[in-house]
Amino acid sequence: ELSKKYLIRAIENECTLAANELAFICKEEGNIEFTKKYYSISAEKNDLFSINQLGLIYFEENNFELSVYYFKIAAEKGYECGYWNLGKTFEINNDIETAISYFKLGFKLNCEYCFDELFEIYLSNKNYEAASNICFDAIKKSSEYREKYVDCLLKCMSVSKNKIFEAIHNENKIRELQNKIEELMYMPGGIGYIYLLKNILKIFAIIYKYLAYHKVH
């Protein structure tokens, strides 16, 4: 109780962190109304974390309209996880098209979670070209998670190798994808990263051999 008094005093002095801390304590105690109250204090001061937290609270209460309302505010102000939360909210409500549109917006802000969702959606729907393209984009944009994105690209190639000729209909398309990989080879990265990309090039070498064989025969 003493800590709460100090936090309330700090909130009176317009300390946003204190409001967030008190909101967290109230939530742990199961007092949702006071949780909303203190997150709202921070939200009024344009604290994006608090705005997003309000969206999560209303999501847990199955209040679709208010959860989307707060997630949108957070997202449009640059809070990348807001787009992920929007996407998941619409996905749970079976609006996959809208969910994908929000995941794409979050991915533009380098949201790792949005990449994960898009990649799995494309892969599960056997849209290997879209899955590989977002991997290429992610590798170019991010250095922090680059190895993970390369692993995803390899996974896509591995899963799709038996379907690759259905997804890629001509040699020009194959060369275009190979050029993308070769371009990535010259980006700054460790030896392990380049080694992984070389494995991808080997996959395309197999495709070239397949096409060359069928031209002759």
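Predicted model only: the values in this text are computed from it and were never measured. (Residues numbered from 1 in each chain as written. Predicted model: local features only at pLDDT ≥ 70, side-chain atom pairs only at ≥ 80, totals over all residues. Heavy atoms only, no water.)

K.L.:
Requested: an account of the nonpolar core, with residues and values cited.
P.N.:
Proteins that are soluble and globular tend to have nonpolar side chains buried together. Grouped together as the largest cluster of nonpolar side chains are 34 residues, with contacts concentrated most on Leu86, Phe115 and Phe119. The set of elements that each furnish at least two residues to this core consists of helix 5 (64–76), helix 6 (80–92), helix 7 (96–108), helix 8 (112–124), helix 9 (128–141) and helix 10 (146–160). Looking at this core element by element, the count peaks at eight residues for helix 9. Leaving out residues up to four positions away in the same chain, Phe119 has contacts with Ala131, Ile134, Cys135, Cys152, Lys155 and Cys156. Of all hydrophobic cores here, the second largest spans 18 residues; its members include Ile11, Ile25, Tyr38 and Ala74. (Core = buried A, V, L, I, M, F, W, Y, C linked by side-chain atoms within 4.5 Å. Buried < 20%, exposed > 50% of the residue type's maximum accessible area, 1.4 Å probe, protein only. Helix = DSSP H or I, 4+ residues; strand = E, 2+ residues; numbered from the N terminus. Contact = heavy atoms within 4.5 Å.)

K.L.:
Break down the pattern of salt bridges for me, with residues and values.
P.N.:
Scanning the model with the defined rule gives seven salt bridges in all. Across the salt bridge formed by Glu33 and Lys36, the nearest N and O atoms sit 3.6 Å from each other. On the criterion of helical spacing, the pair formed by Glu33 and Lys36 is a turn pair, its members being three residues apart in helix 3 (residues 32–44). In this structure Glu33 comes out as exposed when scored by relative accessible area, which is 54%. (Salt bridge = Lys/Arg side-chain N within 4 Å of Asp/Glu carboxyl O.)

K.L.:
Can you break down the side chain of Ser50 residue by residue, with the values?
P.N.:
With respect to the helices and strands, the residue Ser50 is situated in helix 4 (residues 48–60). Residue class for Ser50 comes out buried when judged on its relative accessible area of 0%. In this structure Ser50 touches Asn20, Tyr39, Ser42 and Ala43, once residues within four positions along its chain are discounted.

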